[in-house]
Structures are given as C-alpha cells and as structure tokens.
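Results of the structural survey
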Amino acid sequence: MMYPYMTLNDQTEIVHSEMKPDGRVKVYIERPDEKVCFCHATCWLPEYKR
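In short, a report on the structure. (Residues numbered from 1 in each chain as written. Predicted model: local features only at pLDDT ≥ 70, side-chain atom pairs only at ≥ 80, totals over all residues. Heavy atoms only, no water.)

This part takes up a nonpolar patch on the surface. On the surface, a nonpolar cluster with roughly 300 Å² of combined accessible area is contributed by Tyr5, Met6 and Leu8. Residue placement: methionine 6 occurs in strand 1 (residues 2–7). (Patch = residues over 30% accessible without salt bridge, like charges linked within 9 Å, V, L, I, M, F, W, Y side chains within 5 Å. Areas by Shrake-Rupley, 256 points an atom, 1.4 Å probe, with all protein chains shown as cover. Salt bridge = Lys/Arg side-chain N within 4 Å of Asp/Glu carboxyl O. Helix = DSSP H or I, 4+ residues; strand = E, 2+ residues; numbered from the N terminus.)

Next up, the structure:
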C-alpha cells in the first residue's frame, strides 16, 4: 500500500509505503509528462550497503 505525501506545484506526486519489518520505507516520485506519459523514480530509505 502506498500513501500520498505531497503534490508539488508542477504536479509531481510523492508517495510512500508503510515501514517494512527491516525498517525501510519505499518512496515513489512521479511527474506527468506529455511525451512519455510519466517520469518516475523509486528509492528505499534508508538504503545503505557496504
């Protein structure tokens, strides 16, 4: 399940997941684009590996 966090002035939406048992949270950023429909990025916080 993803939860809305905020929508910026350029219609970029930022949503996040619930905290997983290992303490990580998935963050998804999406912006409408006329050429490719949507531009998006996904990351996990915190995500640090040696």
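By the secondary structure assignment, serine 17 is in strand 2 (residues 13–17). Accessibility expressed as a relative area gives 5% for serine 17, which makes it buried. Within the structure, the side chain of serine 17 is placed 2.9 Å from the backbone nitrogen of lysine 26, a separation counted as a polar contact. Once you skip the residues sitting within four places of it in the chain, serine 17 turns out to touch Met1, Met2, Tyr3, Val25 and Lys26. (Buried < 20%, exposed > 50% of the residue type's maximum accessible area, 1.4 Å probe, protein only. Polar contact = N/O pair within 3.5 Å; in protein donor to acceptor, adjacent residues only side chain to side chain. Contact = heavy atoms within 4.5 Å.)

A word on the state of the cysteines. Taken as a whole, this structure holds zero disulfides when the rule is applied. Cysteine cysteine 37 is unpaired, with the sulfur of cysteine 39 as its nearest cysteine sulfur at 9.6 Å. For cysteine 37, a relative accessible area of 49% gives the class partly exposed. The closest cysteine sulfur to the non-disulfide-bonded cysteine 43 is located on cysteine 39, 16 Å from its own sulfur. Judged by its relative accessible area of 32%, cysteine 43 is partly exposed. (Disulfide = S-S within 2.5 Å.)

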